[in-house]
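One letter stands for each residue in the lines below.
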Amino acid sequence: MQEAVARLAPYGSVAPGEYGEALGQMKGLPGTFAPWREVTGQAYDADDPNYRDPVFSNSGAGWGNVAGRITGLAVGGGYVFAGGANGGVFRKKLGPGGRWTPISDRILALSTGDLVYDAAADTLWYATGEANTGATSYTGAGVYRLRHASRSSFSQADRVGGTELESRSINQLKFDGAGRVYAATTRGLWRHSTNPAKHGQAWELVLMPNPADDADISKPYNNIVNDVVIQPGTGGRVILANAAWRSGAAYNGFYLSTTGGGPGSFAKTALTGDVDNADVGNAEFSVSPDGSRYAMVLEAPSIVALQGVFTSSSLLGPWTLVADSAKLEDSGSAIGADQDYPPGVQAWYNNFVEVDPANANHIYLGLEEVYETEDGGATWKTIGPYWNFGFDCYDASDPDGGCPSTTHPDQHSIAISGGVLYVGNDGGVYSRPNAPGKSAEDAAGHATDWTNHNNGLRTLQYYSVGTGKDPNRRGYLVAGGLQDNGGSLLRAGAREQVSPFGGDGGDTIVNTRDGCQILDEFTFLALWMTKNCGQSDGSTSAVFDITVPDVNARFTAPFRIVRGSKNVRDGASERFVAGGNSFWRHDYGFAYTAEEANADPDDGNGWIQQYATDTTGARLIVGMDAVADPSAPADPAKDTYIASWCGQANCNSEGFTRGVATNWGGTWTELDLTGLPNRFPNAVTFDPSDPSNSTVYLVFNGFNRRFIEGPGAGVKHVYRGKLAKNAAGQVTVAWTDLSVGFPDVPATDLVIVGNKLVVSTDLGVFVADKRATPNTIKWRMVGLPITVPGLSLPLTAVFDLHASQDGHLYAATHGRGIWKTPLSLL
């Protein structure tokens, strides 16, 4: 997943203050008074039996309703709090009638690192910034403390300290019982007083393995602190920290303080026992209240996967290995080495371990699945398998899939309260009775009593959105690609979403004339097509594969319709283009058939290479557009193409390059970008009102050089280009900067609606007159000038914009679902 590099290129980190300053700039802009309305507030049923493709759907897996990734959980006092990866905090009262309510929409960051709830004081601590180092993780704006959390909502005044923790992600908050809280961040270990009277004091840095590197933006991974554990009964004097980069670094290891955790008190130390101290990566700790049992899940950089699960009766050891990948695979797991996907393969990304406070021999482990031991690790069972496929109980013809419901894969957070276990993962929140009380499992050790909490938990992380007329119902359907939740589909008038495509979902094309014709991306330009909305009872496939044969596409790579085109077969739909390392075209569009795709898997699935960005495969296309000749809409030889690309090393290194290539003028040309930012060129488009296609618009992701001091990073985001030919017949371009008054925030997409230029960003959507000059341009925020719940776009990243023929602008957010606003009010 390569979304993070778009914001960080040309290097790997940003300095504190960037989001705060951008938000201040936003507040100075007028609004359009156009209300936003949430489109995807309905339940998202991943198990609908009417969309159970036997190959391409995850229906029947047992996940039920799903939400977006939950990276923080806290429970107590009859309430559950869930933190979305980039959707903020939601609160729900437990029991009948409880509904999820967002409570952090007024603060600077909606990216979640951790949540801790003190039920006795009704106080919720919120650590922002997701710290699992996944490439769709966003940095945060610090730690917030909310009093009266059962009935109030966060404001910016609730932030603890100042800007010290801005642009740092926080993996864990740990309290020492002596009046201090520790924040394990991607850039050091920090602490603060828990005394409300000291709320505004600055955070104190206590451990930075490589202090000089914190100011070096080319070394963003040299000070990661993943977790800390405080030895019970020591009054906060004995503290062990894990600091490590998942792929290995000289500083990786454990750091011990025996004098209260102050600055300079930590020293690197080895743990005794079975731990391989030479192969220490990301670690998470847990300890019983009396200190009799420590537990740790540890990743090994040598394989970037699980080293093992360890327990100890003392802080420094000896630590005993109680589980490794093979042992967990034998515990009833749905995954394994024979599938090239063993337990712990993503231990750097999804991990938790928790000792039951009431029973030190009872331990929960979260990796891709949820595991449990009741005997201190001697034996394990997989209480939350990855999915139910492959189990004897699975039956595609059974509406429920034949097996007990299970948890969605990829575990991130856990809470135990009131005799109930809660887990948060890439699909939302699930709970079950805490063993060994009323919990129940089948003969394989799989839990049979999971409760799904995802209805109304609106944290879906979209990459894309598309719309089209629903052929069997009145109105338009809405489809989109999601992080780890496949491709969603909301039929016209439906009360719930369904999932015709499984896995990850990237970009999306929907036939506007027949919305049941959908092209969905799994990953890396593995494209899947359906012509009936993916409807299947599981006996036959309604989806087929038309993967692009590219050598090096992005994880979520772009593909588009050729605007104004007709496919060369029946002309009933447009043709396609796709961008990986090369620019590709597909002449048949939705007229392509499954029979053709399956006839010869090595024939390229109808894709024809048009242009290679380089000869090494290092460059990747990130934005693209294509327009047909109006006089010959079915002639691909007359199409005009443009693509923005970046390189090398996945577009985030000291060798960073970027460019824009086009075949305008008859041959492919790399446009001159002299004077433009040396940052990620996220989206490019031709002006649809210019019949010559000589007017283009280009937007840049990332922050300006005030926050990223990379060479030539620049300070602007939006440009208009005018293409021409010189006397020698060479294509030239004259760029005009339209960034005057535009907030310094990563730009992600752009569409042109009439004379309006609409740009999406990490903090909202903005509009201006496309005809304006740098001296006359006036940017406005798309939306109401004040935040109105239910009518205002949440302060989260918008990845994709879509101007629909139903008269609305759709915005796909990466954390709060899909929203729409009337085009007429832009």
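What counts and how
- Residues numbered from 1 in each chain as written.
- Predicted model: local features only at pLDDT ≥ 70, side-chain atom pairs only at ≥ 80, totals over all residues.
- Heavy atoms only, no water.
- Helix = DSSP H or I, 4+ residues; strand = E, 2+ residues; numbered from the N terminus.
- Rg over C-alpha atoms; globule rule 2.2 N^0.38 Å.
- Buried < 20%, exposed > 50% of the residue type's maximum accessible area, 1.4 Å probe, protein only.
- Areas by Shrake-Rupley, 256 points an atom, 1.4 Å probe, with all protein chains shown as cover.
- Lys, Arg positive; Asp, Glu negative; His and termini not counted.
- Charge placed at Lys NZ, Arg CZ, Asp CG, Glu CD.
- Pairing = 2+ DSSP bridges.
- Axes fitted to C-alpha atoms, helices over the stretch in contact; angles between N-to-C directions.
- Core = buried A, V, L, I, M, F, W, Y, C linked by side-chain atoms within 4.5 Å.
- Contact = heavy atoms within 4.5 Å.
- Disulfide = S-S within 2.5 Å.
- Salt bridge = Lys/Arg side-chain N within 4 Å of Asp/Glu carboxyl O.
- pLDDT = per-residue confidence, 0-100.
- Phe/Tyr/Trp six-rings, centres within 6.5 Å; stacked < 30°, edge-to-face > 60°.
- Polar contact = N/O pair within 3.5 Å; in protein donor to acceptor, adjacent residues only side chain to side chain.

The next point concerns the overall build of the chain. Tallying secondary structure elements over the chain gives four helices and 57 strands in all. For 826 residues, the compact-globule estimate of 2.2 N^0.38 gives 28 Å, and the C-alpha radius of gyration of the chain, at 26 Å, lies within 12% of that figure. Overall size of the chain, expressed as C-alpha extent along the three principal axes, is 80 × 60 × 50 Å. Counting the 826 residues in the chain, one finds 64% classified as buried. Counting every atom, the chain has about 27,400 Å² of accessible surface; 50% of that belongs to carbon and sulfur. Charge centroids of the chain, computed over 61 positive and 86 negative side chains, lie 11 Å from each other.

Another point: the sheet that holds strand β16 (residues 239-243). An order of β15-β16-β17-β18 is seen for the four strands of this open sheet, with the pairing classed as antiparallel. If you trace the sheet from one side to the other, it starts and ends with β15 (225-230) and β18 (267-269), each paired once. Mean inter-strand twist for the sheet, computed between neighbouring axes without regard to direction, equals 30°. Bridge count between strand β17 (residues 253-257) and β18: three bridges; the pairing is antiparallel. Residue pairing across strands places L256 opposite A267, the latter belonging to β18.

Most often, soluble globular proteins keep nonpolar side chains buried together rather than apart. Membership of the largest hydrophobic core comes to 41 residues, with the highest contact counts inside it found for F81, L124, F154, L757, V759 and W779. Setting aside its immediate chain neighbours within four residues, L757 contacts Y697, V718, L738, L750, V751, I752, F766, V767, A768, K770 and W779. Within the second largest apolar cluster, 26 residues are counted, among which are Y364, I414, L421 and Y430.

Another aspect to go through is the sheet that holds strand β24 (residues 363-366). If you trace the four strands from one edge of the open sheet to the other, you get β23-β24-β25-β26, paired in antiparallel fashion. The open sheet terminates on both sides in strands that have one partner only, identified here as β23 (352-355) and β26 (381-384). Averaged over all pairs of adjacent strands, the angle between their axes in this sheet comes to 25°, without regard to strand direction. In this structure, β23 lies alongside β24, joined through four bridges in antiparallel fashion. Following the sheet pairing, V355 is matched in β24 by I363.

Applying the stated criterion to the full structure yields two disulfides. Each sulfur of the disulfide joining C516 and C533 lies 2.0 Å from the other. Sign of the S-S torsion, about -85° for the bond between C516 and C533, identifies this disulfide as left-handed. One end of the pair, C516, is in the loop between β35 (508-510) and β36 (518-521); the other, C533, is in the loop between β37 (527-530) and β38 (543-545), with 17 residues separating them in the sequence. You can call C516 buried: its relative accessible area is 2%.

With that settled, the discussion passes to the pattern of salt bridges. Counted by the stated rule, this structure contains 27 salt bridges. With its nearest N and O atoms 3.9 Å apart, the salt bridge here joins K381 to E372. Each member of the pair, K381 as well as E372, is classed as buried. Two residues, D687 and K770, come together in a salt bridge whose shortest N-O distance is 2.8 Å. Pair noted here: D687 is in the loop between β47 (683-686) and β48 (695-699) and K770 is in the loop between β53 (764-769) and β54 (780-781), with a separation of 83 residues, a long-range link. Look at D687 and you get buried, because its relative accessible area is 6%.

Among the seven residues of strand β3 (residues 70-76), seven are classified as buried, and the element is accordingly described as predominantly covered. Direction of pairing for β3 relative to strand β4 (residues 79-84): antiparallel, over a ladder of six bridges. Across the sheet, the residue bridging to G76 is Y79, located in β4. Connecting the antiparallel pair β3 and β4 is a turn made up of two residues, with G77 showing a positive phi of about 60°.

For the rest of this paragraph, the subject is the environment of A120. Relative to the helices and strands, A120 is located in the loop between β7 (112-118) and β8 (123-128). Separated by 44 residues in the primary sequence, A120 and G76 have C-alpha atoms spaced 8.8 Å apart.

Averaged over every residue, the pLDDT of the chain is 94; residues scoring 70 or more account for 95%. Confidence drops under a pLDDT of 50 for residues 704-711, and excluding neighbours within four residues, the segment shows 32 contacts in the predicted structure.

Let us look at the packing of aromatic side chains. Applying the stated rule across the entire model yields 26 aromatic pairs. Each ring, one from F700 and one from Y719, has its centre 5.9 Å from the other, and the planes form 80°; the classification is edge-to-face. Here Y719 lies in strand β49 (residues 718-725) and F700 lies in the loop between β48 and β49, a separation of 19 residues in the sequence. Across the pair, Y719 and F700 agree in class, each one buried. Pairwise contacts between aromatic rings join W63, Y341, Y386, W387, F389 and Y394 into one cluster.

Moving on, we get to unusual backbone geometry. Of note, the bond from G317 into P318 is cis; its omega dihedral lies within 30 degrees of zero at 10°. With respect to the helices and strands, P318 occurs in the loop between β21 (305-312) and β22 (320-323). The backbone of H148 shows a phi angle near 55°, a positive value even though the residue is not glycine. Relative to the helices and strands, H148 is located in the loop between β9 (143-147) and β10 (159-160). You can call H148 partly exposed: its relative accessible area is 43%. Even without being a glycine, L525 presents a positive backbone phi close to 65°. Turning to its location among the elements, L525 is positioned in the loop between β36 and β37.

This part is about the environment of R585. In this fold, R585 is placed in strand β41 (residues 582-586). Through-space distance from the C-alpha of R585 to that of L482 is 24 Å; in sequence the pair is 103 residues apart. Beyond its immediate sequence surroundings of up to four residues, R585 is in contact with F576, V577, G606, W607, I608, Q610, P636 and Y641.

Here we come to the environment of W735. With respect to the helices, strands and loops of the structure, W735 is situated in strand β50 (residues 731-737). In this structure, the C-alpha to C-alpha distance between W735 and L676, residues 59 residues apart in sequence, is 8.4 Å. Contacts of W735, omitting those with residues within four sequence positions, involve L671, D672, L673, L676, V696, L698, Y719, R720 and G721. Polar contacts involving the side chain of W735 include one to the main-chain carbonyl oxygen of D672, which spans 2.9 Å.

The next subject is the side chain of K381. Considering the arrangement of structural elements, one finds K381 in strand β26. Within the structure, K381 has its side chain in polar contact with the side chain of E441 (distance 3.0 Å). If we ignore the near neighbours within four places in the chain, the residues touching K381 are S331, V370, Y371, E372, E374, E441 and G445.

Right, let's talk about the side chain of S104 for a bit. By the secondary structure assignment, S104 is in the loop between β6 (101-102) and β7. Judged by its relative accessible area of 0%, S104 is buried. With residues up to four places along the chain from it excluded, the contact list for S104 reads G88, V89, L110, Y126 and F154.

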